[in-house]
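Reading the structure
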Amino acid sequence: MSTAPAPEPRDPRPALVFDDPLDQQSSDDTDRGWGERPEGDSAADLKRFLDEKPPHHL
């Protein structure tokens, strides 16, 4: 009769968290989540406007 090999130690499993996910702010709840950029200078705003302008608006 053979003996079973000793079990190898396992990594601990992450703990389950039962917090309410609606209590946490998501990135969509902020201006940053909607593509708003931090305050900048007007030259950077003009460059962004010209870079994102559709070709039919030239």
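See the structure shown above.
Summarised in this report is the structure supplied together with it. (Residues numbered from 1 in each chain as written. Predicted model: local features only at pLDDT ≥ 70, side-chain atom pairs only at ≥ 80, totals over all residues. Heavy atoms only, no water.)

1. Examining the overall build of the chain
Using the following cut-off: Strands are runs of DSSP state E lasting at least two residues, helices are runs of H or I lasting at least four, and both sets are numbered from the N terminus onward. A simple rule labels every residue: compare its accessible area, found with a 1.4 Å probe on the protein chains alone, to the largest value its type can have, and call it buried under 20%, exposed over 50%, or partly exposed in between. Only the protein chains shown count as cover for residues, and all accessible areas are computed by the Shrake-Rupley method using a 1.4 Å probe.
Counting its regular elements, the chain contains one helix and zero strands. Going through the 58 residues of the chain one by one, you find that 0% of them count as buried. For the chain, the exposed area adds up to about 6,500 Å²; of that, 55% sits on carbon and sulfur atoms.

2. As for the pattern of salt bridges
Where we set the bar: We count a salt bridge whenever a side-chain nitrogen from Lys or Arg sits within 4 Å of a carboxyl oxygen from Asp or Glu.
One pass over the structure, following the stated rule, counts two salt bridges. Measuring nitrogen to oxygen at the nearest pair gives 2.8 Å for the salt bridge that ties Asp-51 to Lys-47. Here Lys-47 and Asp-51 lie together in helix 1 (residues 42-52), a separation of four residues that amounts to about one turn. For Asp-51, a relative accessible area of 55% translates into the label exposed. The salt bridge partner of Arg-48 is Glu-52, with a shortest N-O separation of 3.4 Å. Linking Arg-48 with Glu-52, this pair stays in helix 1, spanning four residues, or about one helical turn. Residue class for Glu-52 comes out partly exposed when judged on its relative accessible area of 49%.

That is the geometry; function is a separate question.
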